[in-house]
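The chain contents come next:
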Amino acid sequence: MSTARRKKIYEGKAKILYEGPEPGTLIQYFKDDATAFNAQKKAVLEGKGVINNRISEHIMTRLNAIGVQNHFIKRLNLREQLIKEVEIIPLEVVCRNVAAGSLSTRFGLPEGQALPRSIIEFYYKDDKLGDPLVTEEHVTAFNWATTQEIDDILATTLRVNDFLSGMFGAVGITLVDFKIEFGRVWEGDFSRVILADEISPDSCRLWDTISSEKLDKDRFRRDLGNVIESYTEVARRLGVMKDMPTVIQGGLH
Ligand code: UDP
């Protein structure tokens, strides 16, 4: 079925969700749109959706192989993947290994300073409020997630961090921080929490381990240029460039 005829379920800043081919499934479409600072800064980065679709597929597949359950089922084409429908938990779960971004600003830490241990933070997903930082008290009091779900989210986030740090470390990339999201899947009266959304250079800080060059969305946020080239470099190092269309393999200039 063509994209045009499919029922749109939700449109976000970088992705669109369409009705899936069977109940309990959705199609996740990766756009080329880039936004930052709560959508005050906008651009179209040609090819970004294709690269993020492929990188996220690679990461979700590998996480699934080590037992980190997630919503990814299969990639359908250059921009779309079939996913499990979940009830999104309205939290952005950020895990940090090195000080950067809002953590550096909040605590006056120089960007690049290693943290004493990995730090996990919760932000409440609400664009109108600018995604405020919240504590577990807010999460349970406002029923965004239960105590048990928070425990599962924390344990899974640490596993994702360990796995991704190793995966990127092996190809000369330091995983500075990343953001992930979770959703509930229901089985009768019981629900479990699985990883959802995407994992890509849009949602991670990735620095070249030797040069400290940024290979992620900060290139867009901070007007550093070469955004697509950097995302392409991440894909190349992960070994997923061979599946890319030649227009992207050969550069998008
Ligand atoms: N992040 C994200 N979406 C958001 C906010 C943050 O994917 O809406 C990611 C961001 O790319 C970085 C990490 O979460 O890898 C931590 O971001 P931070 O809190 O430092 O916010 P920022 O400096 O991006 O405002």
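First, a word on what this report is: a plain description of the structure on this page. Given the structure is predicted, the values throughout are model-derived calculations rather than measurements.

About the cut-offs
- Residues numbered from 1 in each chain as written.
- Predicted model: local features only at pLDDT ≥ 70, side-chain atom pairs only at ≥ 80, totals over all residues.
- Heavy atoms only, no water.
- Helix = DSSP H or I, 4+ residues; strand = E, 2+ residues; numbered from the N terminus.
- Buried < 20%, exposed > 50% of the residue type's maximum accessible area, 1.4 Å probe, protein only.
- Contact = heavy atoms within 4.5 Å.
- Near = heavy atom within 4 Å.
- Polar contact = N/O pair within 3.5 Å; in protein donor to acceptor, adjacent residues only side chain to side chain.
- Nonpolar A, V, L, I, M, F, W, Y, C, P; charged D, E, K, R; others polar.
- Pairing = 2+ DSSP bridges.
- Disulfide = S-S within 2.5 Å.
- Expected span 1.5 Å × (residues − 1).
- Phe/Tyr/Trp six-rings, centres within 6.5 Å; stacked < 30°, edge-to-face > 60°.
- Lys NZ or Arg CZ within 6 Å of the ring centre and 35° of its normal.

### Here's the deal with the side chain of Thr35
Next up, step 1: By the element assignment, Thr35 lies in strand E4 (residues 33-36).
Next up, step 2: Looking at Thr35, the relative accessible area reads 13%, which means it is buried.
Next up, step 3: Ignoring any residue separated from it by four or fewer positions in sequence, one finds Thr35 in contact with Lys13, Lys41, Lys42, Lys217 and Phe220.

### Notes on the site of the ligand
Next up, step 1: Taken together, 16 residues form the shell around the ligand, and within it Arg96, Ser102, Asp177, Arg205 and Arg221 come nearest.
Next up, step 2: Within the contact set of the ligand, an oxygen atom lies 2.7 Å away from a side-chain nitrogen or oxygen of Arg96.
Next up, step 3: In the model, an oxygen atom of the ligand is placed 2.8 Å from a nitrogen or oxygen of the Arg221 side chain.
Next up, step 4: Elements supplying a minimum of two residues to the shell around the ligand: strand E9 (91-98), helix H2 (101-107), strand E12 (173-187) and strand E14 (204-208).
Next up, step 5: The class makeup of the residues in the shell around the ligand is 5 nonpolar, 3 polar and 8 charged.

### Description of the pairing of strand E10 (residues 114-124)
Next up, step 1: Sheet analysis places E9 next to E10, joined by 7 bridges and oriented antiparallel. In the sheet register, Val98 faces E10, and the bridge partner there is Ala114.
Next up, step 2: The pairing of E10 with strand E11 (residues 133-134) spans 2 bridges and is antiparallel. The partner of Tyr123 across the bridge, within E11, is Leu133.

### A few points about the side chain of Arg6
Next up, step 1: Within the secondary structure layout, Arg6 lies in the segment before strand E1 (8-11).
Next up, step 2: A polar atom in the side chain of Arg6 sits 2.9 Å from the side chain of Glu80.

### Overview of the state of the cysteines
Next up, step 1: Tallied over the entire structure, the rule returns 0 disulfides.
Next up, step 2: Cysteine Cys95 is unpaired, with the sulfur of Cys204 as its nearest cysteine sulfur at 10 Å.
Next up, step 3: Residue classification places Cys95 among the buried positions, given a relative accessible area of 0%.
Next up, step 4: Given the relative accessible area of 4%, Cys204 is considered buried.

### Considerations on helix H6 (residues 227-238)
Next up, step 1: Across its 12 residues, H6 extends 17 Å between first and last C-alpha, which sits within 8% of the 16 Å expected from 1.5 Å per residue.
Next up, step 2: Taken residue by residue, H6 has Val227, Ile228, Ser230, Tyr231, Thr232, Val234, Ala235 and Leu238 as its buried positions.
Next up, step 3: Where the residues of H6 are buried, they touch helix H1 (48-65), helix H4 (147-169), E12, E14 and helix H5 (218-221).
Next up, step 4: Downstream of H6 by one or two residues, Gly239 has phi in the positive range, about 80°.

### A short note on H4
Next up, step 1: Taking 1.5 Å of rise per residue, the 23 residues of H4 would be expected to cover 33 Å, and the 32 Å separating its terminal C-alpha atoms lies within 8% of that figure.
Next up, step 2: Buried within H4 are the following residues: Glu149, Ile150, Ile153, Thr157, Val160, Asn161, Phe163, Leu164, Met167 and Phe168.

### Considering the packing of aromatic side chains
Next up, step 1: Per the counting criterion, the structure on display carries 3 aromatic pairs.
Next up, step 2: Between Phe142 and Trp144, the aromatic rings sit 5.3 Å apart at their centres with planes inclined by 40°, giving tilted as the arrangement.
Next up, step 3: For Phe142, a relative accessible area of 52% puts it in the exposed group.
Next up, step 4: Three or more aromatic residues link up through ring pairs in this structure, and these residues are Tyr124, Phe142 and Trp144.
Next up, step 5: Across from the ring centre of Tyr18, 5.4 Å away, lies the NZ or CZ of Arg6, which sits over that ring.

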